[in-house]
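The primary structure of each chain is shown beneath.
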Amino acid sequence: MKKSNWFIRAFVGIMLVAIGATDAMAQQTLDDVKEARGLNDNDVLSAIKTFMPRGGRDEYFSIVGTGNSGTMIVYGIPSMRIYKYVGVFTPEPWQGYGFDDESSLMLKKSSLDNRISTYGDMRFPAFSEKDGNYDGHFAFFSDGANSRIALMGLDDFETKQVLSNPLYISTYPGVAVTQNTEYIIQSSQYPAPWDNKTTSEMKSGVTFWKFVEGEDIHKSRMIKEKSFTLELPPYALDFFDAGKSSSDGLLVGLADKDGKSYVYVIDYNKLAKAPSKKVNDFNVVSFDEAKKNNAVGFIEIPATGKMLRVSPNGKSFLVPAGNNVIVFDFAKVKSALAKGDVIALADVQKSSIAIGKDVIDVAFDQRKNTAYASAHGDSKIVRFNYESGKTENEIKLSFKPSFLMVPQGNSASPHSNYLTVVNKEALYDNYPNVGPIRPSFQHLIDISSDDMSDIYTMSLPQANVYGSVAVLRTTIKPIIRYPLGTNTRTGEISRYKTVAGQEKIEREGNRVHIFGTLIRSHITPEIVTVNEGDVVTFHLTNLERAEDETHGFTVDTYGVHGSFEPGKTASVTFTANRPGVFPYYCTEFCSALHLEMEGILLIRPTGYVDIEQKDVVLTEEQQLEYKKLYEEKLVVIDETGAIIGSVVDFLKENNFGDYPYVAALVTDAFDQLDQAKSSQENHEKYAKEGKYKQAFLWAEQYWQYQVKTADVGLRAKKLLEEKINK
Amino acid sequence: MKNLLNKKYGSLFMMGLFVITLSLLTVSCVDKEKGGDEYAGGTNISGKPFGKESFGDVVERRGLNAHDVLSAAKTYTPDNIEDEYVAVNSGGQEGNLPMYTVPSMRMLKYVPLNTRQPYTGFGYSEETMDLIKTGFIEGQEILWADTHHVGMSETDGVYNGKWGVINDKANPRLFVFDLKDWQGKQTVNSPIYRSNHGGCFFTPDSRYFMEAAQYPAPLDWKYHELSEANFEKYWRGGVTYWRFDNDKGKIIEKESFTFEFPPYTQDLSDAGKLDSYGWGFTNSFCTEMYYGGIESGRPPFEAGCSSRDVDYLHVTNWLKAEKLLKNGTIKPMMVRGHRVIKIADAVKHDLFFLIPEPKSPHGVDVDPTGKYIVVAGKLDSHAWVYKFDKIMDAIDNRRFEGKDKFGINIIKLEDALHGSVEVGLGPLHNQYDSKEGIIYTSIYVDSRITKWDYINLKVLGYVPSHYNVGHLVSASGDTQKPHGKYLISLNKLSIDRFNPVGPLHPQNHQLIDISGDGDPTVIYDLPLPMGEPHYTTLVRLDEFESEEIYPVGTNIITDKKSKHFTALGAEKTTVSGKNVHVYGTINDGKVTPTDLSFKQGQTVYLHFTNHGQTKGDHYVYEIASYDKMYAFAPGETATIKFLAEKSGMYPILFDAQKTPSKRQLLGYMAVEFDLMADNDRVLAYTDRINYDMKIQSFKPSAIELANLLPGELEYLNYGCSACHKFGQPFNGPDLFMVDKRRDDVWLKEWITDPESKIKDTDIEAMRQMYKLMMPNQNVSDEDADKIIAYLKAKSEQVLKEME
């Protein structure tokens, strides 16, 4: 088996083994499986409603507030498969979040202390909106642990901005977005002084972060200087929601003080025009000023409000409190606010609907005036009409339900087939016991017909689950690559962008900047020598254009890590304070030769003087052996080239360009072949000079590119065959 | 078609028949994909209610075929049915241990081992942070890992359900976790490697597990110039046999040893079993000893490392080595306190041999009987099967083809090989079936799994997998008794499989049904949402027993009663010097004490004992805006330690994780202002800014830049905002209208060279007032001008706002 081209023989092998294998499953019936696994008919119906066939797309993207995990989860409905965790307030090494310079710098900007906060507590996220509908551009989170707010880009699912609220010590872990994303709203939770003194007055507040769209969508950010806070007396504040349509411009939320419960209402457009003062370098409108402008009011309610949600048409808002859901008439609230800051419940309440024991949450769907409420104490969910005040039907559950979510239910156009329900207790007898730390759970309820049914139990690890929001999958339009050299945290082309052939090392005193590139399967540069004590930065650009060709980078034992998606430029910095030999490598399984995507960082000890190293001189005999190897390699290259040619012919004959995924693979295959050109020049040059070792190695490199071309080309061919056969 | 189906097979009780009919209609449904954006997958753009649907309606709406329906039934697991296995994955650069259930394929847990994880509180208590700190290398803070291969402890060659070990490639370390509570218990750093990959492979009795080096480096961690001669002379690989206490779940470092290997870039390993017990097998992929240097004209690593046609399988005898070390026949070389058997000694005592193996191999896997060893080389389309008794025969009869450069005996391929089988392009990893002779190999380039017979040397079938398939796992597939039934293909790419979530894609784990006699079939595609698993083990639920509650007062790292355990009613606070110890309790959601009071600058230790003894008794304790928290498990005692560096009133939040109630306000932490401590805080902040300046200065995005005043960037970058504000004094004097009080020349001198004015009386007065001296931030002349311009512009802006 020596000296033959494994590639060619195997290729012929594949051609012989047709894919027409028999389907083992055809011999097995559904009844067999049902019996073997103890499933009933309802189970099977639930199974086929949630199972996603290979390559299928879920109907909705849902994002979840993970509580003290500080990391966003995005999953699909109805398959309930988790697609991604994204670092928001908590560092996450897979994405290099908090482990590369760009993301660390972003987090640093959110810190007024001498360190970066290491976690957040985020519970109720929100999407950006246009005319009250989700536009699929951004998501926002409030950090209830370390008083921050974050903006997530939904084109690449990366955190783009984290700001510190300069006033609050304790912040409510939820956000609301106004109907055209003019403001992202955040409130304090528990009162605290705003000046780091133990003796000062306790304060509360509601902050309106001004959102400004950039000339290009990637540069949209919250602008601290244009934002403001309404200072409130020391209320404990809870959930809030922004009005829409007729109630646009108003914010309503829950507040408690001295054992009494309230709904507060704020006219933020009036506040924006009211005089403000600077507190901690932030615009603050005083409570008195707000009252003077009839911009704030309070409605006392009989029991503590658990949640507050504005109806899709903006005409009502619902507050579950005790065993009831109180329905408020938004128009009446608005006119009452114009008259004064104390509003009587009787003047603004539409109805109070008895639901069941301990109502936790409400959700809206597309059916007219229809909402769902979770009665925690009665283990049921009730569907009711909030205009007529009548309950329609209910589903009894095997657990105590808490937070609810209907896809798009918090927007102006809710959908109406699915409802997710959080189960906080999670007392499952049959769920695997893997120690004290357990996942969170939520159930998927099928609400597509009059009979509601519980069709899936989903576990969410590393998440203390509360609220979530979901949007139709086609609304979000994620990108698959960045323009070459993008700093993904700022959306700009990085000043450290490096293109092939421009790699370099710059030194200034003990500061060393390495400008490098990443491509299947090598890191340029591969050997770097620095001195002990140097502050070293690797600025790396991933030159790939192919989808999913992410590279990672770390220098062993130096504690840094970066993830480089196609087109991205990121940096890692460390102080080379320990001399020795340190491998660096790509941490992603990026190609068959990913283990060879490596390099060596040599850190020369202080005071050490290098002894000059001489290359090993090859003997005549060795030279001849390399010449032979070189010639053999050329034959293999020709043969492999022929295979590539045949694949290319097949692709062309079958109009691969008509299929976008196939076309993308073909583009990548040709990109790989383009890379090979310089290797060809090299091996021909060295062969001419009689340096056969180098010639052989460069020929080997040429062949490596051919293999990558063939690898991707074969995938394209396979996919094209599938598409044609469909 | 819908009506027809409903009419004919509408009844749910006819489903079995329905499926048979459908499978007859469907020609090839093995891998019929709904790929691409063109497939709406039943996406209902309007969001209108579907209404009441029959089985046939759902099949029709969602475009399911017979294969889909069967797969759904094989994986869907309602609450009254148990899953069968847990898949325990390495997390790759996520650093930890992702787990999911099989066959329902639901994400179950991420066990933290080296990364701070606030959900569990790992890294937020002293106990867990101390464990993380034992993994710091030469003082370097390391808060992540690139975990690669999880190994499960064994007794009699099968999982004993007690311990797991996983290695870190980026920072050669080993993490031991306990299956009783799925908690990390021990972290051991390799004393000699700079990189590892092939670990952790247990011997059948868990006496040892193997960890092989990957990228070679000098074992003594010393610096040497890189040259071909030095690479051969100083660079080394190795395989470490870590002695493991199977009862206590501890690595015994002193009784462990390493075989010194040539710098051949070792890869995966496997320990012999039954017949081959006492031996270990390690492969390698750069026996060329090549190193790249593309920037200086040398061909890259990838070219030079794959230029030979074969690499070497390293065969080591640990059983004999252990004996010879014990009786003193071999004197190990002590490298950084660790026992290393020199190549010459290993050769001399017949402990170490090489056998040619297929080009750039990845997996080396000993079969359940211990008689065969299968190696897949990614640049050879064959998998090679070695026979252990043939290897022994060659050794016994000293039939070698020669020695390598390091004097190691090379066994002739023909003498060791049972045979080879053409399995496909780019074979990587192997897993065994419960049926004799059946093996599965992942085929990278062809994107498929080949099922073949390694005894009779023939291919039996294929199952197409998705792209970049790496490792494979079958149930107990690396033990003496594989279960068969399930196989999982760990695919590194997920193009075209799932809803797109940006440039960084999840991985794709495909569950494959291997229970029948026919071809294996993919029945589920699971996106792996964080991390990049390299290896997985499938452990059946009845093979381990975990507990959800600790005895009251447990330190979860040592599993002993914590010395900080506090009984109910025994809560107290003690102060000694600058340290304050609070001994508190959590009982049924009640916390004692509630309010806390400290002086700024004190070091605080909050020792809380959670007396809760139900599995719902999980509580999150947080101090707002202090970045301090911990999640207490039932029965746990843990310590939150911190410096009370900031003064003020900080709400203490308390959350019962398993109830829907909101975070309660437990009380306040009052930190009384202390001038000296506050100075320390400001100085620490200045230090941070200075460090940032050295490493990387504040660089705003375009939109932020547009909102900055000229010179504001420099003002921020030199850390001026740490001490100064406009309109009020802060840590330093108010800068509002400072340009009216001082002229430009004075300001510039002051900013660039504050020491020059230290003796001025007005400066001394200010120093007295603020207890701080203006630090020299090494501001350049040019930047000083910009900062002065900013002082003016900002003052003007503030003035305007005041008006």
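Residues numbered from 1 in each chain as written. Chains lettered and ligands numbered in written order. Predicted model: local features only at pLDDT ≥ 70, side-chain atom pairs only at ≥ 80, totals over all residues.

K.L.:
Can you walk me through the overall build of chain A in this structure?
P.N.:
The helix and strand tally for chain A stands at eleven helices and 43 strands. Expressed as lengths along the three principal axes of its C-alpha atoms, the size of chain A is roughly 100 × 70 × 45 Å. Scored against the burial criterion, the 726 residues of chain A give a buried share of 62%. For chain A, the proportion of contacts with a sequence separation of at least 24, taken over those separated by at least 6, is 60%. (Helix = DSSP H or I, 4+ residues; strand = E, 2+ residues; numbered from the N terminus. Buried ≥ 20, exposed ≤ 12 C-beta atoms within 10 Å, placed from the backbone. Contact = placed C-beta atoms within 7 Å.)

K.L.:
I'm lost on the domain arrangement of chain B in this one. Help?
P.N.:
Accessible area lost upon the coming together of the parts serves often as the stated size of an interface. Residues and elements named next belong to chain B. Assigned domains within chain B: domain 1 (2-75), domain 2 (85-309 + 361-397 + 420-543), domain 3 (554-673) and domain 4 (676-802). Centre-to-centre, using C-alpha coordinates, domain 2 lies 40 Å away from domain 3. Listed as interface residues are 13 residues of domain 2 and, on the opposing side, ten residues of domain 3. Breaking the side of domain 2 that touches domain 3 down by element, the ones donating at least two residues are α5 (126-133) and β7 (183-189). Broken down by element, the side of domain 2 that touches domain 3 gets its largest block of residues, four residues, from α5. In terms of residue class, the side of domain 2 that touches domain 3 is made up of four nonpolar, five polar and four charged. (Domains from an automatic or database assignment. Nonpolar A, V, L, I, M, F, W, Y, C, P; charged D, E, K, R; others polar.)

K.L.:
Could you clarify how one ought to interpret the sheet that holds strand β44 (residues 648-656) of chain B in this entry?
P.N.:
In a beta sheet, neighbouring strands pair by backbone hydrogen bonds and run either parallel or antiparallel. Residue and element names in this part refer to chain B. The strand order β39-β45-β44-β41-β42 describes an open sheet built from five strands, whose pairing is mixed. With one partner strand each, in any of the chains shown, β39 (596-599) and β42 (628-632) form the two edges of the open sheet. Along the sheet, successive strands turn relative to each other by an average axial angle of 15°, direction set aside. (Pairing = 2+ DSSP bridges. Axes fitted to C-alpha atoms, helices over the stretch in contact; angles between N-to-C directions.)

K.L.:
Help me out: how do you make sense of the interface of chain A and chain B in this one?
P.N.:
Contacts between the two partners involve 196 residues from chain A and, on the opposite side, 204 residues from chain B. Here the side of chain A that touches chain B gets ten residues from one element, more than from any other, and that element is helix α11 (residues 692-725) of chain A. Of the residues in the side of chain A that touches chain B, the class split is 84 nonpolar, 60 polar and 52 charged.

K.L.:
Teacher, can you tell me more about helix α3 (residues 55-62) of chain B here?
P.N.:
An α-helical turn contains 3.6 residues, so a residue and the one three or four places further along point in the same direction. All names here are of chain B. Those residues of α3 not exposed but buried are F55, G56, V59 and R62. The buried residues of α3 all sit within an arc of 150° when viewed along its axis, so they share a single face. Immediately beyond the C-terminal end of α3, within one or two residues, lies G63, with a positive phi of roughly 65°. (Arc of directions from axis to C-beta.)

K.L.:
Any chance you could explain the environment of G501(A) here in plain terms?
P.N.:
If you trace the backbone, G501(A) turns up in the loop between β33 (492-493) and β34 (504-508). Through-space distance from the C-alpha of G501(A) to that of V535(A) is 24 Å; in sequence the pair is 34 residues apart.

K.L.:
Explain the pairing of strand β10 (residues 204-212) of chain A here, please?
P.N.:
Working note: regular strand, side chains alternate between the two faces of the sheet. All names here are of chain A. Most of β10 sits out of view: seven of its nine residues are buried. Where strand β9 (residues 183-187) meets β10, five bridges bridge the pair, whose relative direction is antiparallel. Bridge pairing in β10 links Y183 to K210. Looking at chain direction, β10 and strand β11 (residues 221-232) are connected through eight bridges and run antiparallel. Bridging from a neighbouring strand, F211 pairs with M222 of β11.

K.L.:
So what exactly am I meant to see when it comes to the sheet that holds strand β22 (residues 349-354) of chain A here?
P.N.:
All names here are of chain A. Read across the open sheet, the four strands follow the order β18-β19-β20-β22; overall the sheet is antiparallel. Looking along the sheet, the strands with just one partner apiece sit at the ends: β18 (309-310) and β22. The sheet contact formed by strand β19 (residues 316-321) and strand β20 (residues 324-329) spans six bridges and is antiparallel. Bridge pairing links P320 to V325 in β20. Sheet strands touched by helix α7 (residues 330-337): β19 and β20. Its angle to β20, the strand with the most contacts, is close to 60°.

K.L.:
What am I meant to see in the packing of helix α2 (residues 30-37) of chain A against helix α4 (residues 66-75) of chain B here?
P.N.:
The N-to-C vectors of α2(A) and α4(B) enclose an angle of 5°; their axes lie 9 Å apart at closest approach. With respect to α4(B), the element α2(A) is oriented roughly parallel. Within the contact between the two elements, α2(A) uses L30(A), V33(A) and K34(A) and α4(B) uses V69(B), L70(B), A73(B) and K74(B). Split into classes, the residues belonging to the contact of α2(A) with α4(B) amount to five nonpolar, no polar and two charged. (Parallel < 35°, antiparallel > 145°, perpendicular 65-115°, else oblique.)

K.L.:
I tried to follow the pairing of strand β9 (residues 208-213) of chain B on my own but got confused; where do I start?
P.N.:
Residue and element names in this part refer to chain B. The element β9 is largely enclosed, with a buried count of six among its six residues. Neither face of β9 is left uncovered, since the one carrying Y208, M210 and A212 and the one carrying F209, E211 and A213 both have all their residues buried. Note: strand β8 (residues 196-202) against β9, four bridges, orientation antiparallel. Paired with F201 across the two strands is M210, which belongs to β9. As consecutive antiparallel partners, β8 and β9 are separated by five residues, and within that stretch S206 has a phi angle of approximately 60°, a positive value.

K.L.:
Which parts of the structure should I look at to understand the confidence of the model for chain B?
P.N.:
In low-pLDDT segments, the atomic positions of the prediction should not be examined closely. Residues and elements named next belong to chain B. Scored by pLDDT, chain B has a mean of 90; 93% of the residues are at 70 or more. Low pLDDT (under 50) marks residues 1-41, which in the prediction has 68 contacts with non-local residues, meaning those over four places away or in another chain. We note a pTM of 0.91 for the whole complex and an ipTM of 0.92 for its interfaces. (pLDDT = per-residue confidence, 0-100.)

K.L.:
I tried to follow the nonpolar core on my own but got confused; where do I start?
P.N.:
Taken as a class, soluble globular proteins show a tendency for nonpolar side chains to be buried jointly. In this structure, F140(A), I266(A) and A373(A) are the most contacted members of the largest nonpolar core, which totals 386 residues. Among the elements that make up this core, the one with the highest residue count is α11(A) (16 residues). If we skip the residues at most four places from it in the chain, F140(A) touches P125(A), A126(A), I149(A), A150(A), L151(A), V175(A), V177(A) and I184(A). Grouped together as the second largest cluster of nonpolar side chains are 18 residues, L30(A), V44(A), L45(A) and V59(B) included. (Core = buried A, V, L, I, M, F, W, Y, C linked by C-beta atoms within 7 Å.)

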